[in-house]
Amino acid sequence: IANLMIINEAFICPTLITYQLKTKVRDTAIVNNNYSKYISSSLKSEWQSAWEKRLTRHTNLADWEELNKTFQSQMQLINHLNKKGVTILAGSDFAGMPYVYPGISLHQELKLLVEAGLSNYEAIKTATINPAIFMARQNLYGSVSVGKFADLLVLEKNPLENIENLKTIQVVISKGKLFKIQE
């Protein structure tokens with residue numbers, strides 16, 4: 001499959017975070033109170049209802065181990081595809097899966113990509129230049145150079161050393177405006 005994907009210039013957006021969350025169906029700590037305050041009450045209610053249905057379904061099927069196996073196989077697949085040279089895109093499926101929080105879920109997805117076997121640099125590319133290439137807009141987006149549009153994060157620590165350092169945001173530059181992160 002990897003060779004066919006490369007020949008056909010196909011990309012993959014694995015959304016590993018959704019597979020990981022499915023393994024945590026029984027985990028009551030799935031709700032992230034730090035981020036829940038940014039989610040509308042109607043979406044919170046929808047998430048809770050969907051999660052309860054998922055929990056009931058998996059309790060009836062008793063397929064907890066299968067969920068874990070599926071997640072692990074997805075991690076192995078992404079490692080394999082990456083080693084073969086398939087272009088990977090970062091995504092988190094915010095609207096498609098309960099408790100995938102916008103913003104932080106991208107950080108979680110990048111961390112999972114690293115855990116799957118991508119280097120920190122390769123994981124960062126899945127959220128920067130690779131999407132621009134996918135949209136055939138790499139001449140305008142995806143990297144920092146003269147003549148390109150760019151929103152930037154100024155970080156305290158180097159994410160090439162540790163992917164978690166992407167969370168050490170000091171300044172956001174968006175559409176030419178500077179936003180300092182307040183502690």
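For the protein, the count of helices and strands is 8 helices and 5 strands. From first element to last, N terminus to C terminus, the protein shows the α and β order α-β-α-α-α-α-β-α-α-α-β-β-β. With the principal axes as the frame, the protein shows a C-alpha extent of 55 × 45 × 30 Å. Buried positions account for 32% of the 183 residues belonging to the protein.

With that settled, the discussion passes to the sheet that holds strand 3 (residues 152–155). The strand order 3-4-5 describes an open sheet built from 3 strands, whose pairing is antiparallel. At either end of the open sheet lies a strand with only one pairing partner, and these are strand 3 and strand 5 (177–180). Strand-to-strand, the axes of this sheet are offset by a mean angle of 20 degrees, without reference to chain direction. One ladder, built from 4 bridges, connects strand 4 (residues 169–174) with strand 5; its direction is antiparallel. Within strand 5, the position partnered with I173 by the bridge is L178.

The next thing to look at is the pattern of salt bridges. The full count for this structure, using the stated rule, is 3 salt bridges. One salt bridge connects K69 with E66, and the closest N-O pair in it is separated by 3.5 Å. Here K69 and its partner E66 are both found in helix 5 (residues 64–84), 3 residues apart, which amounts to about one turn of the helix. With a shortest N-O distance of 3.0 Å, E164 and K111 are connected by a salt bridge. With a gap of 53 residues between them, E164 in the loop between strand 3 and strand 4 and K111 in helix 6 (residues 104–116) connect regions that are remote in the sequence. Relative accessible area serves as the criterion here: at 25%, E164 is assigned to the partly exposed category. Accessibility expressed as a relative area gives 34% for K111, which makes it partly exposed.

Summed over all chains, the structure comprises 6 aromatic pairs. In this structure, K22 packs its charged tip against the face of Y19, placed 5.2 Å from the ring centre.

The rules behind each value
- Residues numbered from 1 in each chain as written.
- Predicted model: local features only at pLDDT ≥ 70, side-chain atom pairs only at ≥ 80, totals over all residues.
- Heavy atoms only, no water.
- Helix = DSSP H or I, 4+ residues; strand = E, 2+ residues; numbered from the N terminus.
- Buried < 20%, exposed > 50% of the residue type's maximum accessible area, 1.4 Å probe, protein only.
- Pairing = 2+ DSSP bridges.
- Axes fitted to C-alpha atoms, helices over the stretch in contact; angles between N-to-C directions.
- Salt bridge = Lys/Arg side-chain N within 4 Å of Asp/Glu carboxyl O.
- Phe/Tyr/Trp six-rings, centres within 6.5 Å; stacked < 30°, edge-to-face > 60°.
- Lys NZ or Arg CZ within 6 Å of the ring centre and 35° of its normal.

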